[in-house]
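Chain by chain, the residues run as shown.
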Amino acid sequence: MEGIITQFSILFLLIALFTFEGLFKLLPLYSILAEVYSLYLDRQKKVSQQIVISKNQKFTWQELKKHDNQSSAYVAIKGKVYDVTSFLNNHPGGREFLLLNCGRDASLAFQSYHPFSEKPEKLLEKYLIGDLITTEWPTFKPDSGFYKECTERVKNYFQSKGINPKTPIPGLIRAIPLWICFFYTFYLTFIDDSFCLCKRIIIGTIFGILQALNTLHLMHDASHGAVGNNEKWWWFFGRLTLDYISGSSMLAWQNQHVIGHHQYTNIMGSDPDIPQLKEGDVRRLVKEQIWCTMYKYQHLYMPVLYGLLSLRSRYYDVFEIFLKETDGPVKVNPISLQDKLRQASSKLLWLFWRYYLPVCVFGMTQAQFWFLFIYVEFITGYWLAINFQVSHVSDEAEFFYNNMDKVAKNGTNEQWPIEWAILQIKSSVDYSHGNWLMTYLCGALNYQVIHHLFPGVSQYLYPEIAPIVLEVCKKYNLKYNLLPGFKEAWNGHFNHLKNMGKLKKFVGFAKME
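What you see is a predicted model; the values in this text were computed from it and never measured. (Residues numbered from 1 in each chain as written. Predicted model: local features only at pLDDT ≥ 70, side-chain atom pairs only at ≥ 80, totals over all residues. Heavy atoms only, no water.)

Q: Mind showing me how you'd approach empty space enclosed by the protein here?
A: Over the atoms rolls a probe the size of a water molecule, and its path tells where empty space is left. Taken as a whole, this structure holds four cavities of 30 Å³ or more when the rule is applied. By volume, the largest cavity amounts to about 50 Å³. Forming the boundary of the largest cavity are Arg239, Asp243, Ser249, Met250, Leu251, Phe322, Asp339, Arg342 and Gln343. Mapped by element, the contributors of at least two residues to the lining of the largest cavity are helix H11 (231-245), helix H12 (250-261) and helix H15 (337-361). In terms of residue count, H15 provides more of the lining of the largest cavity than any other element does, three residues in total. Residue composition of the lining of the largest cavity, by class: three nonpolar, two polar and four charged. (1 Å grid on protein atoms, 1.4 Å probe; cavity = no way out; pocket = protein on both sides within 12 Å on 5 of 7 lines; lining within 4 Å. Points joined across faces, edges and corners; volume = space filled by probe spheres on them. Helix = DSSP H or I, 4+ residues; strand = E, 2+ residues; numbered from the N terminus. Nonpolar A, V, L, I, M, F, W, Y, C, P; charged D, E, K, R; others polar.)

The following block contains the structure:
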């Protein structure tokens, strides 16, 4: 046992050194490397500052794409290009969020994460360097007043009540007991050998659900910068809950979810959460996919496959995001060496407490461990996937098609015939408003419309602002997809799979060209 404890201490120290910069700096070698790297960055910054930049430059989306890193960080917002390289470390929303959006059109992210203030737009003026003359994908119609009125009313509500839209308190109050129960059920399932297998399965079911809730709550808010008003809050709680506790990757999640899904919701060819190819996908969700016989049964086999989501996420982040630097249609910006080391360290720590402790320290048999591990992961996968799917893949929601065949290699100047905010209304499904238990169990995903319109607002405030958005929808004669309960939401998803599996049976589809 003493030898095992020594091995654990060494392993944990190595993991900690790769994870926390403060400990790294205790090492002379790291100090030297850090100094050299810092000098290199300073030199790169000075070189870029020496270049005389005109404010009348013209950029294609391919040219903008090259400026996607900390040495040369450009963003395009509303047709204008800004060099924010010198602003990275001063960005109130954090360095990481800005780097995620560099080298691309960030108009939608800028709009949805700065809904209550005009200061960011005024601040950008001094970084202006030119115009974006083509975009990778078509842009959306300008806001007709719907989104502006939503933001003004919600802003006034928060101000009148003295509410911080990013308050971390409700999330922390819920997270602490959740974590206590999470690790306790882990202990009973994988460490304590006094229980029979049947009891471990029952407790493991609870552990699997708690593992899902861990990501649906604090992690989800952290990924959107909705936990506190400082990047340190988002970074710490995001990495803690998703990387170190769940063994996945916050960086991978942000690329897929924040950059891809939230900006181009339910648009085939742009949203990485729905099929990208016309044939070959296991699911058929939009009519542009070529029908084949197996789709007749997708309403039966897809719910079974949903259990794989948790396991897939730990594979996908490494082999797609980190190695290929791509996520379907979404380009992943260069990943720093530090992020790669941090990813490796989080995987090691996760493997340590999820596998090494039960099997190597406490003597759990391989057969029993792998049976319970896979069972638990399927429970987590089901809980997450079902909650995700009912919110967008439904016969209550609309799907759209990004006709990439019509977009030239040099880009496009086309515009989709829909406003971004209205897209969120049409492509999202809410249910069980006012049901506090359901809201907790799904991490407020039952307020999906609100989440998509205001991703930077704490999920625990969604029930308060939903009536405001409902009123504005009525004023603008927009249908708000709100169902009575989860049963109806699940039926909407199940029926969509069934209907899309039938040849020539198309549901909730609109084409955008």
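From this point, things continue past the structure.
Q: Whenever I open this one, the nonpolar core confuses me. Can you help?
A: The tendency in soluble globular proteins is for nonpolar side chains to be buried as a group. Ranked by internal contacts, the top residues of the largest apolar core, which has 43 residues, are Trp179, Phe190, Phe207, Trp353 and Tyr431. Mapped onto this core, the elements with two or more residues apiece are helix H6 (107-113), helix H9 (169-191), helix H10 (197-223), H11, H15 and helix H16 (366-392). Beyond its immediate sequence surroundings of up to four residues, Trp179 is in contact with Asn214, Leu218, Phe237, Leu240, Thr241 and Ile245. Membership of the second largest hydrophobic core comes to 37 residues, among which are Phe140, Ile422, Ile450 and Leu478. (Core = buried A, V, L, I, M, F, W, Y, C linked by side-chain atoms within 4.5 Å. Buried < 20%, exposed > 50% of the residue type's maximum accessible area, 1.4 Å probe, protein only. Contact = heavy atoms within 4.5 Å.)

Q: Any chance you could explain the UniProt feature "transmembrane region" (unreviewed entry) in the protein chain here in plain terms?
A: Under the local residue numbering, the UniProt record ascribes the feature "transmembrane region" (unreviewed entry) to residues 6-24 and 171-190. Between the first and last C-alpha atoms of residues 171-190 the distance is 27 Å; the span itself is 100% helix and 0% strand. (UniProt positions renumbered as here; feature names shortened; annotations may be inferred.)

Q: Where do I start with the sheet that holds strand E5 (residues 128-132) in this structure?
A: Two modes of strand pairing occur in sheets, parallel and antiparallel, and in both the strands are linked by backbone hydrogen bonds. Here five strands make up an open sheet; going across it, the order is E1-E5-E4-E3-E2 and the pairing mixed. Two strands bound the open sheet, and with one partner strand each, they are strand E1 (57-59) and strand E2 (68-69). As paired strands, E2 and strand E3 (residues 72-77) are joined by two bridges and run antiparallel to one another. Note on E3: the bridge partner recorded for Asp68 is Ala73. (Pairing = 2+ DSSP bridges.)

Q: Any chance you could explain the pattern of salt bridges here in plain terms?
A: When the charged atoms of two side chains lie near each other, side chains of opposite charge can form a pair. Per the stated rule, a full pass over the model turns up 15 salt bridges. Asp131 serves as the salt-bridge partner of Lys80, at 2.7 Å between the closest nitrogen and oxygen. Taken together, the positions of Lys80 in strand E4 (residues 80-83) and Asp131 in strand E5 put the pair 51 residues apart, joining distant regions of the chain. For Lys80, a relative accessible area of 35% gives the class partly exposed. In this structure Asp131 comes out as buried when scored by relative accessible area, which is 19%. With a closest N to O distance of 2.8 Å, Glu149 and Arg153 form a salt bridge. Residue Glu149 and its partner Arg153 are both found in helix H8 (residues 146-161); the two are separated by four residues, about one turn of the helix. (Salt bridge = Lys/Arg side-chain N within 4 Å of Asp/Glu carboxyl O.)

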